[in-house]
Amino acid sequence: MIEGIIFDYDGTIGMTLERQHNWFMHWAKLNNISFPLTDFNEFKEVYNQILNEKGIQAFYDQFDLPCKMNDLNHPVWIAYNSFKKDNPVKYYPGIKEAIKKIHKIGELSEDSQRNQRLRMIINTNNSWGSIYSELKKQKILGLFDSFVTKEVLVNYHGAGKGTAITKPSKISVALALNILNTDGGATIHVGDTLTDLAASIDVRRHPQIHRKERLITIGAGWGYESVDRLNQGLKTEIGTEHFNHVLEEPAMLPEVIKQYM
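Below, the structure is looked at part by part.

The next thing to look at is the overall build of the protein. In terms of helices and strands, the protein carries eleven helices and ten strands. For the protein, the C-alpha radius of gyration of 19 Å lies close to 18 Å, the compact-globule estimate for 261 residues. Principal-axis analysis of the C-alpha atoms places the extent of the protein at approximately 65 × 40 × 35 Å. Residues classed as buried in the protein amount to 47% of the 261 residues present. For the protein, the proportion of contacts with a sequence separation of at least 24, taken over those separated by at least 6, is 69%. Of the roughly 13600 Å² that the protein leaves accessible, carbon and sulfur atoms contribute 49%.

Core analysis: the biggest nonpolar cluster contains 30 residues, and Ile-5, Phe-7, Ile-99, Phe-144 and Leu-253 have the highest contact counts within it. Sorting the residues of this core by element identifies strand E1 (4-8), helix H5 (95-105), strand E2 (119-123), helix H6 (128-137), strand E4 (187-191), strand E7 (216-220) and helix H11 (253-259) as the ones contributing at least two each. It is H5 that contributes the most residues to this core, four residues altogether. If near-sequence neighbours (up to four positions away) are discounted, Ile-5 is found in contact with Ile-102, Leu-118, Arg-119, Met-120, Ile-121, Leu-180, Thr-187, Ile-188, Val-190 and Ile-257. Grouped together as the second largest cluster of nonpolar side chains are 22 residues, Trp-27, Phe-35, Tyr-60 and Tyr-80 included.

With that settled, consider the side chain of Thr-217. Within the fold, Thr-217 resides in strand E7. If we skip the residues at most four places from it in the chain, Thr-217 touches His-189, Leu-197, Ser-200, His-242, Phe-243, Asn-244 and His-245.

Right, let's get into the packing of helix H1 (residues 16-30) against helix H4 (residues 75-86). Packing of H1 against H4 brings their axes to within 11 Å, and their N-to-C directions diverge by 130°. The pairing of H1 with H4 is recorded here as oblique in orientation. Helix-helix and strand crossings are classified by hand; for H1 and H4 the assignment is right-handed. The segment H1 lies against H4, with Arg-19, Gln-20, Asn-22, Trp-23, His-26 and Trp-27 engaging Pro-75, Val-76, Ala-79, Tyr-80, Phe-83 and Lys-84. Here the contact of H1 with H4 is composed, by residue class, of seven nonpolar, three polar and two charged.

Below, the discussion takes up the environment of Gly-221. One can find Gly-221 in the loop between E7 and helix H10 (227-232). The exposure class assigned to Gly-221 is buried, which follows from its relative accessible area of 14%. Each C-alpha atom of the pair Gly-221 and Thr-193 lies 8.5 Å from the other, and the pair is 28 residues apart in sequence. Setting aside residues up to four positions removed in sequence, Gly-221 forms contacts with Ser-226, Val-227, Leu-230 and Leu-247.

So, on to the sheet that holds E7. Taken in spatial order, the six strands make up an open sheet running E3-E2-E1-E4-E7-E10, and their pairing is parallel. Among the strands making up the open sheet, the edge pair consists of strand E3 (146-148) and strand E10 (245-247). If you compare each strand with its neighbour and ignore which way they point, the axes differ by 20° on average. With three bridges joining them, E7 and E10 adopt parallel strand pairing.

Attention shifts here to the packing of aromatic side chains. One pass over the structure, following the stated rule, counts 21 aromatic pairs. For the ring pair Phe-24 and Phe-35, a centre distance of 6.2 Å and an interplane angle of 15° mean the geometry is stacked. Of this pair, Phe-24 sits in helix H1 while Phe-35 sits in the loop between H1 and helix H2 (40-53), and the two are eleven residues apart along the sequence. A residue is classified by how much of its surface remains accessible, and Phe-35, at 8% relative accessible area, is buried. Here the aromatic rings of Phe-43 and Tyr-47 are separated by 5.1 Å at their centres, their planes lie at 25°, and the arrangement is stacked. Taken together, the residues Phe-43 and Tyr-47, both in helix H2 and four residues apart, mark about one turn of the helix. Assessed through its relative accessible area of 0%, Phe-43 is described here as buried. In this structure an aromatic cluster arises from ring pairing among Phe-24, Phe-35, Phe-40, Phe-43, Tyr-47, Phe-59, Tyr-60 and Phe-63. A cation sits over an aromatic face here: Lys-150 above Trp-77, 5.5 Å from the ring centre.

Rules used throughout
Residues numbered from 1 in each chain as written. Predicted model: local features only at pLDDT ≥ 70, side-chain atom pairs only at ≥ 80, totals over all residues. Heavy atoms only, no water. Helix = DSSP H or I, 4+ residues; strand = E, 2+ residues; numbered from the N terminus. Rg over C-alpha atoms; globule rule 2.2 N^0.38 Å. Buried < 20%, exposed > 50% of the residue type's maximum accessible area, 1.4 Å probe, protein only. Contact = heavy atoms within 4.5 Å. Areas by Shrake-Rupley, 256 points an atom, 1.4 Å probe, with all protein chains shown as cover. Core = buried A, V, L, I, M, F, W, Y, C linked by side-chain atoms within 4.5 Å. Axes fitted to C-alpha atoms, helices over the stretch in contact; angles between N-to-C directions. Parallel < 35°, antiparallel > 145°, perpendicular 65-115°, else oblique. Left-handed = near helix turned anticlockwise from the far one by under 90°. Nonpolar A, V, L, I, M, F, W, Y, C, P; charged D, E, K, R; others polar. Pairing = 2+ DSSP bridges. Phe/Tyr/Trp six-rings, centres within 6.5 Å; stacked < 30°, edge-to-face > 60°. Lys NZ or Arg CZ within 6 Å of the ring centre and 35° of its normal.

Pasting the structure below:
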């Protein structure tokens, strides 16, 4: 019986990759730089490859776009925050309806063995301020119980360097489990990348760091990485790890959740 669900935000709820594509074309234009990845599918492939291998700073560097990720006073941040404000993220078709159905599925019932509703949490690198307004606008803010965001990671790190434990990471997943007060085996993690899968395997929480927890994983095939890519699984030293489920569209989520209720 599941007790909680962790939702990734970028690529699972919000169509942020599409907005990222528009952002890079916008930033290149502002700096009089020719940005070659005008085709979204080509951008998606190159972006994911560089991001997974080297990180976001490497993507800016690859195309000579001005950016210093660790310098919050760099002009890129002012421009980026302004761009996001003027270009609110769209949500994937069917995701709002799916989350509403899951919230309904998880409410208290006549079953006396379940005395607490199914809890849902958002796990993201975004700031709470940026996604709060989006969730409120989409009228699903009240369906979530809690969040792990950029501010939470920065505060948890303690030295103002939240990127050291940036999501997806097992640390952010462990934080989400603690906030939900659930065990890994009774928690579903919905994410759209193989790194989300990696963050769901052998999660360890203080003080029992010897105790490994593995979450139930659902791959969102509508997001950053394709269904085929997610189905390939994650190669590790001891073999290939796979999602418990890989779905093609958000509408399939509620029926899968029901299986674990």
